[in-house]
Amino acid sequence: MAVTAVSGVEARRPVPRLRRLEDERWLALALLMPTAVLLGLFIAYPFIEGVLLSFSSARVGDAGHFVGLKNFAKIWDDSIFRTAVWNTFWYTGVTTVFKLGLGLWLAMLLNRHFKGKALVRAFILLPFIIPTVLSTFAWKWMFDPTFSVINWTLFHLGLISARINWLGDPDLAMASIIVVNIWRGVPFFAISLLAGLQTISPELNEAAAIDGARPWARFWYVTWPLLLPVTMVVMLFSVIQTFADFQLVYVMTGGGPANATQLFATYAYQIGIGTGLLSEGAAISLAMFPFLFIIVVVQLLYIRRVETR
Amino acid sequence: MIEGAAWRRWVFYNIPLILFVFVLLFPFYWMIITTFRPDGELYRPWNAANYMPFWTNNPTLEHIKYLFEETMFARWMLNTMFIAVVSTVISLFCGVLAGYALARLNFPWAGGLGTMIFITYLVPQTLLFIPLAEIIRNFRLGDTPWSLILTYPTFLIPFCTWLMMGYFKAIPKELEECARIDGASRWKAMLYIVIPVAVPGILSSGIIAFTLSWNEFIYALVFLSSPDEKTVPVGVTSELIRGDVFFWGPLMAGALLGSIPVAIVYSFFVEHYVSGLTGSVKG
Amino acid sequence: MAKAKRRSVLKLAGGTALGGMAGILASGRTPAYAQQKTVHWLKWVDFVPATDTMFKRELMPQAEKELGIKVNLETVNGNDLQPRTTAAIQSGTGPDLIMAFNNQTYLYANSVVDVSELAEEVGKREGGLFKYARSICSDGKMFMSMPWAVIGGMIAYRKSWLDEVGATSFPDTWETYREVGKKLKAKGRPFGQTLGHTFGDAPGFTYPYLWSWGGKEVEADGKKVVINSKETVDSVKFMTGLWKDALDEGGLAWDDTNNNRAFLSQTISATLNGASIYIETLRKPDQYITEKGVQMNKDILHAPLPKGPAGQFGFHLLQSQMLMKYSKNQDAAKEFLKWLHQEANYRKFFESQKGFATPCTVKWESDKLWDVDPVMTPYKVAARLGQAPGYAGPPNAKAAEGLTKYIVTDMYAKAVQGMPAEETVKWAEAELKKVYEA
């Protein structure tokens, strides 16, 4: 195929080495230019603006003036902010553990041959594909205090007699958003881990079985180490997304009840856009960044270590 | 795989699998059934008698009608589709070029730039949306689809680049070398040799970018304001929660119909989506 | 095979893009509209659906005919008005007229156009502007918004259910409120109240509750935070007991619509509300039937919030229209607003509301609409008697900030969830200090 395509190109003498190097650099510049422009204009520049904003006293309609770290001191003092920090960590931690566990389980269930496998694989990705806002509405309806179908089912199974206040009780509300996040994320984990599993030769496991290893040992000593690189990358993506989550909480609970499900992103929105205190909102958003950065660096280092093992 | 007797197969594999599939798909079933259920049946308290939630004997189209007549739902679909397609094209263009440059070319800051692009993926949109609003204002793009078309690539390009890098790295260098020996310039080799081979990768990036665009919410929420400019997620959220009645019927209809385009496009490209997803993870 | 697939893919993608773009261009702005004046008006989704229908089908077309101005009326959920306003101001483009609630107007003082002229004119014409409306919409130097209407909040209750537990009229003190509620809750019919972050019913309940016990946020000088007082702590303690004894505990997560739905599906017996519950039962009399087979609208009455040791108060939602500085259609918007307030046109609004909204000028208080339905008569004094957040100080930007941060509401919500009363009050004090001493 390559040969037929090239035959149309006119023959030329090979380019001298010097010219090629410059050629490469110039080409790289040209190829990266569109990306650089877009990302520079719409990420780098606003990021710097956002940092400056968080050091100012701007509110809606009022540009404000430089106030140094005052906003950060203010939000650190703010008990709702501290609640949001705790909530975000808890939310991210719990959902990631469950998504990993359930995703891995599902991946192993799918890692065999059965009829309709391709169809099942296609269908189970749906929670991840469908826009978050829309599927979250379906869950919100399922959790509705007065009309919940889940309550109906539990009631008719005889498991409850009074209704469960999914979105009204602070702990249950957190549990509810965790459930929906897990529901959304398990397919992503499952499919990615499945691909990882499929690169592991089945002979390894069979050999271990022949040597007398029981299923759990087989998993822990054969499968898991080989799966680690993929697992770490999947977790990295997932943690980043979950930590900065906005849509799910915004639709389900709006941060309530009484800030029980308030996260970094939703609180930043409420303060910045809701109340119009732009500089404080920016400070809250910015406060997310160091935590995220540390988490990512730790994970990247771990990945590097795992890969070079 | 080491499975064993038939009963073991059922208990350890089939039943859990069925449970998983059920839980993962039930909300969609719920969406569908609510869409076609008349209002009278919809608003029955959970512990009322004679309440059969899982099926309805009186399917109705009134919610869908309401959706199209009382809101600009059709317009929102068009908007979202337009924005998603154009953003995807832009992101693919940038991502393919950048991915090639980072995967194939040797130049001083290659590694650093790659890391930079990855870092931009970390910057949360909730930090950027406030200053971005001002930039949008300065360019007079507020309340137009272009405010989104130009900002969506900020999270689509890193992903596309990352993915394409993986694909390009997997293409043997010999392919290009042959072309260059035959006299093609670097650029032509890239255009006519490497990219056509990477088409599956491009399709994968494209479909993932497309679904990510449909999924975006906060920029659309903040930059758009007129009802006829809204995207589906924003429109459904802002116009179907009205006063006292939560309008669950049309809301679910909106959620259902809003999900369908993405589901359809996805269904044509499942293999590509999966390989893209897994490729990004392995790469 | 791959090539064919690729081609069909490209065709599909291209076709979609073209189709999308064609659709946009076709349905988008045509040159004809470029000449006509348009005004984009953003208001809340009215809790009385008939009003929005009337606006869209009658009044807006009428405005177009009489003024030559095309009005683009957009309605959103009340809780979304503030974020939309901030986003619009930030991006420098958005609706020309935006509805504001209560003293949010102070938050946007820098971004709105002074409408004193119109406000004074209408006030003079209609017997005077109520003090409440004036204090919220004007800061003494300018009118930040044009007062529109006051949504009165009263307790809607099921008369027959209260009769069954021996209460022939609605309890008028908090103690009797708690007793009656206790009896009703035992029968599965608790009172219902929201303590969530929602603009209407939550502050509408918690602020007057606080005031009726003698608590207040700041002194009259508007500077000293005095919420941490014995009166406030007493009110919080009482609320904790009241919540468990008499109220539907799901109320922590409710927004402004949940109590309506709970009442209409007969799971609660009384709730503070604008008149939307009653009006809804009038709208669909055969859909809302009580367990005795009677139309529900015949079983509903309204009463003001109970008295506390320090008196009886009400916090009624004031709605006003802001004319935005960034607007490029200011003249048209002013013209439209003026037209809207002409008696014949405003009356259409007033009558479609059936008493849900109380106008801000004296003249309308004696209108005969109030005599049509005695169930609605209590609402007519809403504009006269309203008291604003920030009491005892002025309802200025700081008060608005305190309101939008739901500090008072959260004080009660936290207590109900288990925090000791003294602590929640201390917390509220600290939060208010941050607002007032910033």
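No experiment lies behind these values; they were computed from the predicted model shown.

## Here we look at the overall build of chain A
Move 1: Regarding its fold elements, chain A presents 14 helices and zero strands.
Move 2: From first element to last, N terminus to C terminus, chain A shows the α and β order α-α-α-α-α-α-α-α-α-α-α-α-α-α.
Move 3: For 309 residues, the compact-globule formula gives about 19 Å, and the C-alpha radius of gyration of chain A, at 25 Å, lies well above that figure.
Move 4: Its C-alpha atoms give chain A principal-axis dimensions of roughly 75 × 65 × 40 Å.
Move 5: The proportion of buried residues among the 309 residues of chain A is 46%.
Move 6: For chain A, the proportion of contacts with a sequence separation of at least 24, taken over those separated by at least 6, is 70%.

## As for unusual backbone geometry
Residues and elements named next belong to chain C.
Move 1: Of note in the backbone geometry, Asn 102 takes a positive phi value of approximately 45° without being a glycine.
Move 2: For Asn 102, the position within the fold is in the loop between β3 (97-101) and α5 (116-125).
Move 3: Residue classification places Asn 102 among the buried positions, given that 25 C-beta atoms sit within 10 Å.

## Topic: the sheet that holds strand β1 (residues 37-44) of chain C
Residues and elements named next belong to chain C.
Move 1: Taken together, the six strands give an open sheet; going across it, the order is β2-β1-β3-β9-β4-β10, and neighbouring strands pair in mixed fashion. Each of the sheet's edge strands pairs with one partner strand only, and the pair in question is β2 (69-76) and β10 (357-358).
Move 2: Relative to β10, strand β4 (residues 146-151) runs antiparallel, the two sharing two bridges. Across the sheet, Val 150 pairs through a bridge with Thr 358, a residue of β10.

## What about the confidence of the model for chain A?
Residues and elements named next belong to chain A.
Move 1: Chain-level statistics for chain A give a pLDDT mean of 82 and a share of 91% at 70 or above.
Move 2: Per-element averaging of pLDDT across chain A places helix α1 (residues 2-6) at the bottom with 43 and helix α4 (residues 79-110) at the top with 92.
Move 3: Within the model, pLDDT remains below 50 along residues 1-11, and this stretch shows 16 contacts once partners closer than five positions in the same chain are excluded.

## Digging into the packing of helix α10 (residues 230-246) of chain C against helix α19 (residues 421-436) of chain C
All names here are of chain C.
Move 1: Packing of α10 against α19 leaves a shortest axis separation of 9 Å and a crossing angle of 125°. What the angle tells us is that α10 and α19 run oblique. When you trace α10 past α19, the crossing you get is right-handed. Between α10, through Thr 232, Val 233, Val 236, Lys 237 and Thr 240, and α19, the contact on the second element is made entirely by Ala 421, Glu 422, Thr 424 and Val 425.
Move 2: Across the contact of α10 with α19, the residue classes break down as four nonpolar, three polar and two charged.

## Notes on the interface of chain A and chain B
Move 1: At the junction of the two partners, chain A supplies 85 residues and chain B supplies 83 residues.
Move 2: Among the residues forming the side of chain A that touches chain B, the class breakdown is 63 nonpolar, 14 polar and eight charged.

Here is what the cut-offs are and how they apply
Residues numbered from 1 in each chain as written. Chains lettered and ligands numbered in written order. Predicted model: local features only at pLDDT ≥ 70, side-chain atom pairs only at ≥ 80, totals over all residues. Helix = DSSP H or I, 4+ residues; strand = E, 2+ residues; numbered from the N terminus. Rg over C-alpha atoms; globule rule 2.2 N^0.38 Å. Buried ≥ 20, exposed ≤ 12 C-beta atoms within 10 Å, placed from the backbone. Contact = placed C-beta atoms within 7 Å. Pairing = 2+ DSSP bridges. pLDDT = per-residue confidence, 0-100. Axes fitted to C-alpha atoms, helices over the stretch in contact; angles between N-to-C directions. Parallel < 35°, antiparallel > 145°, perpendicular 65-115°, else oblique. Left-handed = near helix turned anticlockwise from the far one by under 90°. Nonpolar A, V, L, I, M, F, W, Y, C, P; charged D, E, K, R; others polar.

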